[in-house]
Amino acid sequence: MLVALLFLSPLVPQSPQAWHYAATEGSKLASTVFQDTAHGLVCAKRSQAEVVYTLEGVATEKGEHPSRLAEEIMVYLWDDWTLLHVSGYDTRAVLNELDDQPLLEAFLERFYQEHHSCLLGVLRVLVFGYEKRYKFLDGGYVRSREALGERYQPLALEPKYFPGSGIFEPLGLVYAVKLSDLFLIGWLREKAIDLVTETLQRRAQTSDDPLKVRRQ
């Protein structure tokens, strides 16, 4: 614990070092929610609630804020879009053919069906912290129905990418789709495709591989 504190203390929030640290820690935590297969990560939980309870339990064991663990998993997945396995699709091949709208729509639908429970569960824990739903009590963090705690401050995620910002990263996409329940409406599908394209273009400006973030 002391070593961890010493390592954390010089980290500047939302810095390349903070991103690298969060991604590294997230790689160690992903197995609590996802199953690692030869083809990539697959959701190992049946419901959002199961993911929430799992992360909160791990946080209690580690003596950490649940939202910190959720953020680290998010960063790990966000750092490399190819980590999540989508049955019947090669993510890289699909996103290299952005002009093929039917293919991208089908891919996003399958992505949602296979990963929404895990991704939304992780996001829910992160949002609980953002909404001040976790309160430190008796040596651990307890979730309450009301905003009784302190607002969780993300270590690595930049505010403009925080869930609810409208940026349709893989996790944000699933979150937005689930909240609106309007994915079958044409204009939302078109908007999702436009935002995926914009995101890839933005990432390509800072990385030689647009499917991966290079903040180190």
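Everything that follows concerns the structure shown earlier in this document.
Since this is a predicted model, take the numbers as computed values, not measurements. (Residues numbered from 1 in each chain as written. Predicted model: local features only at pLDDT ≥ 70, side-chain atom pairs only at ≥ 80, totals over all residues. Heavy atoms only, no water.)

Visitor: Could you give me a rundown of the state of the cysteines, with the residues and numbers involved?
Guide: What the rule picks out here adds up to 1 disulfide. The disulfide bridge from Cys-43 ends at Cys-118, spanning 2.0 Å between sulfur atoms. Between Cys-43 and Cys-118, the disulfide has an S-S torsion of 85° and is therefore right-handed. Linking Cys-43 in strand β2 (residues 40–43) with Cys-118 in helix α6 (residues 101–130), this pair joins segments that are 75 residues apart in sequence. In this structure Cys-43 comes out as buried when scored by relative accessible area, which is 19%. According to the relative accessible area criterion, Cys-118 is buried, its value standing at 0%. (Disulfide = S-S within 2.5 Å. Helix = DSSP H or I, 4+ residues; strand = E, 2+ residues; numbered from the N terminus. Buried < 20%, exposed > 50% of the residue type's maximum accessible area, 1.4 Å probe, protein only.)

Visitor: Can you explain the environment of Ser-67? Please cite residues and give values.
Guide: Position of Ser-67 relative to the elements: it lies in helix α4 (residues 66–79). Among the residues examined, Ser-67 registers a relative accessible area of 0% and is labelled buried. Sequence separation between Ser-67 and Arg-124 is 57 residues; the distance between their C-alpha atoms is 8.9 Å. If we ignore the near neighbours within four places in the chain, the residues touching Ser-67 are Val-125, Leu-126, Gly-129, Tyr-134 and Tyr-152. (Contact = heavy atoms within 4.5 Å.)

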